[in-house]
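# Overview (structure and organization)
Here is how the chains run, residue by residue.
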Amino acid sequence: MQSTSETLEELLVAAQRQDCLTVGVYESAKLMNVDPDSVVLCLLAADEEDEDDIALQIHFTLIQAFCCDNDINIVRVSGMQRLAEVLAETEDDNNEPRDLHCILVTNPHTNSLKSEALEEVANYCEDCRCNNQWVPYISLQER
């Protein structure tokens, strides 16, 4: 049986392949404003060193509130380096790395992202909410 973090990684890879990921705090806020119904999962990623970033925490609070109002599953994630590896992020001198602090998994109305991994992550979120953990937490492990 896969761990929840492995399932989440599988989901991210599948969603990226199907062009169903929106990456970045600003880009995510823009999409949620225009088409919140297309969003099926919101990842808020931060490592320990990001916890003191007040601006980032304010963004997270606003995004969480929006997700709650629109019945979008939210997951807090740590392991930014592993997240970058999963999404095949490379640090080129020419390109600035993408902002991985907020990632949306979308389900466009025309192309349904049917995924066992998505269902498992959604069930994990629901189980956590039943245990009064309103924003589930997953730690991505280095490999």
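Heads up: the structure comes first, above all this text.
Residues numbered from 1 in each chain as written. Predicted model: local features only at pLDDT ≥ 70, side-chain atom pairs only at ≥ 80, totals over all residues. Heavy atoms only, no water.

## What about a negative patch on the surface?
As a reminder of what qualifies: The residues that make up patches have over 30% relative accessible area and no salt bridge, and they are joined within 9 Å when like-charged or within 5 Å when they are Val, Leu, Ile, Met, Phe, Trp or Tyr. In short, Shrake-Rupley with a 1.4 Å probe defines the accessible areas, and a residue's cover is counted only from the protein chains shown. Salt bridges are identified by distance alone: a Lys or Arg side-chain nitrogen within 4 Å of an Asp or Glu carboxyl oxygen. Charge assignment: positive for Lys and Arg, negative for Asp and Glu; neither His nor the chain ends contribute. Positions of charges follow a simple convention, taking NZ of Lys, CZ of Arg, CG of Asp or CD of Glu. Counting from the N terminus, the helices are DSSP H or I runs at least four residues long and the strands are E runs at least two residues long. Categorising residues by exposure relies on relative accessible area from a 1.4 Å probe, with only protein chains included: less than 20% of the type maximum marks a residue as buried, more than 50% marks it as exposed, and the intermediate range marks it as partly exposed.
Where like charges cluster on the molecular surface, the negative patch consists of Glu 10, Glu 116, Glu 119 and Glu 120. For the negative patch, the element with the most residues is helix H5 (residues 116-130), which contributes three residues. Tracing the backbone shows Glu 119 in helix H5. Classification of Glu 119 as exposed rests on a relative accessible area of 54%.

## Considerations on the packing of helix H1 (residues 4-17) against H5
If you want to describe how two helices pack, look at the angle between their axes and the distance between the axes. Stated formally: The angle between two axes is taken between their N-to-C directions and runs from 0 to 180 degrees, where each axis is a line fitted to C-alpha atoms and a helix contributes only its stretch in contact. Any angle that is under 35 degrees is reported as roughly parallel, and any over 145 degrees as roughly antiparallel; angles of 65 to 115 degrees are reported as roughly perpendicular and all others as oblique. For any helix crossing, the convention is left-handed if the near helix is rotated counterclockwise from the far helix by under a right angle, and right-handed if that rotation is clockwise. In what follows, residue pairs with any heavy atoms lying within 4.5 Å of each other are defined as contacts.
Remark: H1 packs on H5, axes separated minimally by 8 Å, with the N-to-C direction vectors making an angle of 135°. On the basis of the axis angle, H1 is oblique to H5. Along this stretch, H1 crosses H5, giving a crossing that reads as left-handed. Packed against H1, whose contacting residues are Thr 4, Thr 7, Leu 8, Glu 10 and Leu 11, the element H5 presents Ala 117, Leu 118, Glu 120, Val 121 and Tyr 124 at the interface.

## Thoughts on the nonpolar core
Operational definition: For this analysis, a nonpolar core means a set of buried residues of the types Ala, Val, Leu, Ile, Met, Phe, Trp, Tyr and Cys, connected via side-chain atoms within 4.5 Å.
Judged by nonpolar contacts, the single largest core of 26 residues is most densely connected at Leu 8, Leu 12, Leu 41 and Ile 103. Sorting the residues of this core by element identifies H1, strand S1 (21-23), strand S2 (39-45), strand S3 (73-78), helix H4 (80-86), strand S4 (102-106) and H5 as the ones contributing at least two each. Residues within four places of Ile 103 in sequence aside, it is in contact with Leu 12, Leu 21, Thr 22, Val 23, Ser 28, Leu 41, Cys 42, Leu 43, Leu 83 and Leu 87. Core analysis: the next-biggest nonpolar cluster, separate from the first, contains 14 residues, Val 39, Leu 56, Cys 67 and Leu 104 among them.

## Quick word on H5
Inclusion rule: Multiplying one less than the number of residues by 1.5 Å gives the expected span of a helix. Regarding the arc, it is the one traced by the directions from the helix axis to the C-beta atoms.
Here H5 is 15 residues long and its end C-alpha atoms lie 21 Å apart, about the 21 Å a rise of 1.5 Å per residue gives. Of the positions making up H5, those classed as buried are Ala 117, Leu 118, Val 121, Cys 125 and Cys 128. Down the axis of H5, the buried side of the element spans an arc of 105°, and every buried residue falls inside it. Opposite the packed face of H5, turned more than 90 degrees from it, sit the exposed residues Glu 116, Glu 119 and Cys 130.

## So, the pairing of S2
The test is simple: Here a strand pair is declared whenever DSSP counts at least two bridges between the two strands. Throughout, right-handed denotes a crossover for which the path from the first strand over the helix to the second runs clockwise when the strands point away from the viewer.
Counting buried positions along S2 yields six of seven residues, so the element is predominantly enclosed. Pairing of S2 with S4, which is carried by five bridges, proceeds in the antiparallel orientation. Directly across from Leu 43, in S4, lies its bridge partner Ile 103. Note: S2 against S3, five bridges, orientation parallel. Directly across from Leu 43, in S3, lies its bridge partner Val 75. Handedness of the β-α-β unit built from S2, helix H3 (residues 54-69) and S3 comes out right-handed.

Distances and angles like these do not, on their own, reveal function.
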